[in-house]
Amino acid sequence: MTKNIGFVGLGIMGKPMAINIKKSGYNLSVFDRHQENINELTQIGAIGRKSPSDTAKYSDIIITMVQDSPQSLEAITGKNGLIQGANRGSLIIDMSSIEPEISKFIAEKCNEKDINFMDAPVSGGEPFAISGDLAIMAGGTSKDYEIAKPLFDIVGKSSVLCGTHGSGNVTKLANQIIVGANIHALSEALVLSTKAGVDPETVFNAIKGGLAGSNVLNAKAPMMYERNFEPGFRIELHYKDINNAMATAKKLNVPLQVTANLQQVLNSLIQSGKGKKDHSAILHYVETLAGLEVSK
């Protein structure tokens, strides 16, 4: 089992994931655009590097966790990207949520240099990144999946090989459509209940054990009626994912009515200054239309 791991992208998700990997006993090289994030990892024994290519030079497996497709392209295929320093036969795992077609393109560029690649986006947000309970959706070969699985077992509670390159990000888009639609429906349900004079917490407790019960309901309903919109997963990031879903749907000529509406809802919230709130703040959009506020 390899012990030399690289990690590029120490943001809200990447930092706790890297911390969990380091605490599991791996030799860890890290890079981030913000030196303070590197410093936080070096305090627990990681080695700070000067660039993605420098990180790759000292690593057998390198994980990237960045914001979107352009950042993944830059970190992996750019001037100082991972493939400029990675050794032949090494494995790059992009755990960012990006367009599936971009993942396929990156895989081709890696293959040209005899470097292995997987796309492996995650679901669970910052709380699960901290606890190591993320759900991981992987795209690539079964051989690379088996190599990556010990790391997946550290940062996540589940991982599934969904298919070839790009399949992980297709699955992540499906996840984000379902999560966003659930939060929007939950928002409407609690606004309706409040308007009718029924306590939203009571509604939550009554329905959570039935067919409407879900992880989304359990996580987001209490945040809504307790007015806690501190970000576990920001609206602006969910909007990015839904934009990627719509772009993929356009390429495939697939009509996505619910997803198109969700795109407009999230855009409206961003334009009103709520982009950095948790995506449970979709509730604000419904509240504004109804002219009331949900609370216990």
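Attention here is on the structure that accompanies the text. Here the structure is a predicted model, which means the values were calculated and not measured.

Observations concerning unusual backbone geometry
- The phi dihedral of aspartate 114 falls on the positive side, at around 60°, and the residue is not glycine.
- Inspection of the secondary structure puts aspartate 114 in the loop between helix H6 (100–112) and strand E6 (116–119).
- Residue classification places aspartate 114 among the partly exposed positions, given a relative accessible area of 37%.
- Located in the positive-phi region is arginine 227, a residue other than glycine, with phi close to 60°.
- Structurally, the position occupied by arginine 227 is in the loop between helix H11 (215–225) and helix H12 (235–252).
- For arginine 227, a relative accessible area of 25% translates into the label partly exposed.

Quick look at the pattern of salt bridges
- If you walk through the whole model with that rule in mind, you get eleven salt bridges.
- Residues arginine 88 and aspartate 114 are paired through a salt bridge, measuring 3.2 Å at the closest nitrogen-oxygen approach. Here the residue arginine 88 occupies a position in the loop between helix H5 (82–85) and strand E5 (91–94), and aspartate 114 occupies one in the loop between H6 and E6, the gap between them amounting to 26 residues.
- For arginine 88, a relative accessible area of 70% gives the class exposed.
- Residues joined by salt bridges that share partners form a network here, namely Arg227, Glu287 and Glu293.

A few points about the packing of aromatic side chains
- Enumeration according to the criterion identifies two aromatic pairs in this entry.
- On the numbers, 6.0 Å between centres and 45° between planes, the contact of tyrosine 145 with phenylalanine 152 is tilted. With respect to class, tyrosine 145 is no different from phenylalanine 152; both count as buried.
- With a centroid separation of 6.2 Å and an interplanar angle of 50°, the aromatic rings of phenylalanine 204 and tyrosine 225 are classed as tilted. Taken together, the residues phenylalanine 204 in helix H10 (residues 200–207) and tyrosine 225 in helix H11 connect sequence positions 21 residues apart. Both residues of the pair, phenylalanine 204 and tyrosine 225, count as buried.
- Over the face of the ring belonging to tyrosine 26 we find lysine 3, whose NZ or CZ atom lies 5.3 Å from the ring centre.
- The ring of tyrosine 58 carries arginine 49 above its face, with NZ or CZ at 3.7 Å from the centroid.

As for the packing of helix H4 (residues 69–77) against H6
- At a minimum axis separation of 11 Å, H4 and H6 run at an interaxial angle of 5°. Compared by their axis directions, H4 and H6 come out roughly parallel. Across from Ser69, Ser72, Leu73, Ile76 and Thr77 in H4, the residues of H6 making contact are Ile102, Phe105, Ile106, Lys109 and Cys110.
- Residue composition of the contact of H4 with H6, grouped by class: six nonpolar, three polar and one charged.

Concerning the environment of proline 52
- Its place among the elements puts proline 52 in helix H3 (residues 52–57).
- Proline 52 has contacts with Val8, Phe31, Ala75, Asn80, Gly81 and Leu82, leaving out every residue within four places of it along the chain.

A closer look at H6
- With 13 residues, H6 extends 19 Å from end C-alpha to end C-alpha; this agrees with the ideal 18 Å at 1.5 Å per step.
- Pro100, Ile102, Ser103, Ile106, Ala107 and Cys110 are the residues of H6 that are buried. The arc enclosing the buried residues of H6, seen along the axis, measures out at 150°, which places them on a common side. With respect to the buried face of H6, the exposed residues turned more than 90 degrees away are Glu108 and Glu112.
- Of the surrounding secondary structure, the elements contacted by the buried residues of H6 are H4, H5, E5, E6, helix H9 (167–195) and H12.
- Aspartate 114 sits one or two positions beyond H6 and adopts a positive phi of about 60°.

What counts, and at which threshold
- Residues numbered from 1 in each chain as written.
- Predicted model: local features only at pLDDT ≥ 70, side-chain atom pairs only at ≥ 80, totals over all residues.
- Heavy atoms only, no water.
- Helix = DSSP H or I, 4+ residues; strand = E, 2+ residues; numbered from the N terminus.
- Buried < 20%, exposed > 50% of the residue type's maximum accessible area, 1.4 Å probe, protein only.
- Salt bridge = Lys/Arg side-chain N within 4 Å of Asp/Glu carboxyl O.
- Phe/Tyr/Trp six-rings, centres within 6.5 Å; stacked < 30°, edge-to-face > 60°.
- Lys NZ or Arg CZ within 6 Å of the ring centre and 35° of its normal.
- Axes fitted to C-alpha atoms, helices over the stretch in contact; angles between N-to-C directions.
- Parallel < 35°, antiparallel > 145°, perpendicular 65-115°, else oblique.
- Contact = heavy atoms within 4.5 Å.
- Nonpolar A, V, L, I, M, F, W, Y, C, P; charged D, E, K, R; others polar.
- Expected span 1.5 Å × (residues − 1).
- Arc of directions from axis to C-beta.

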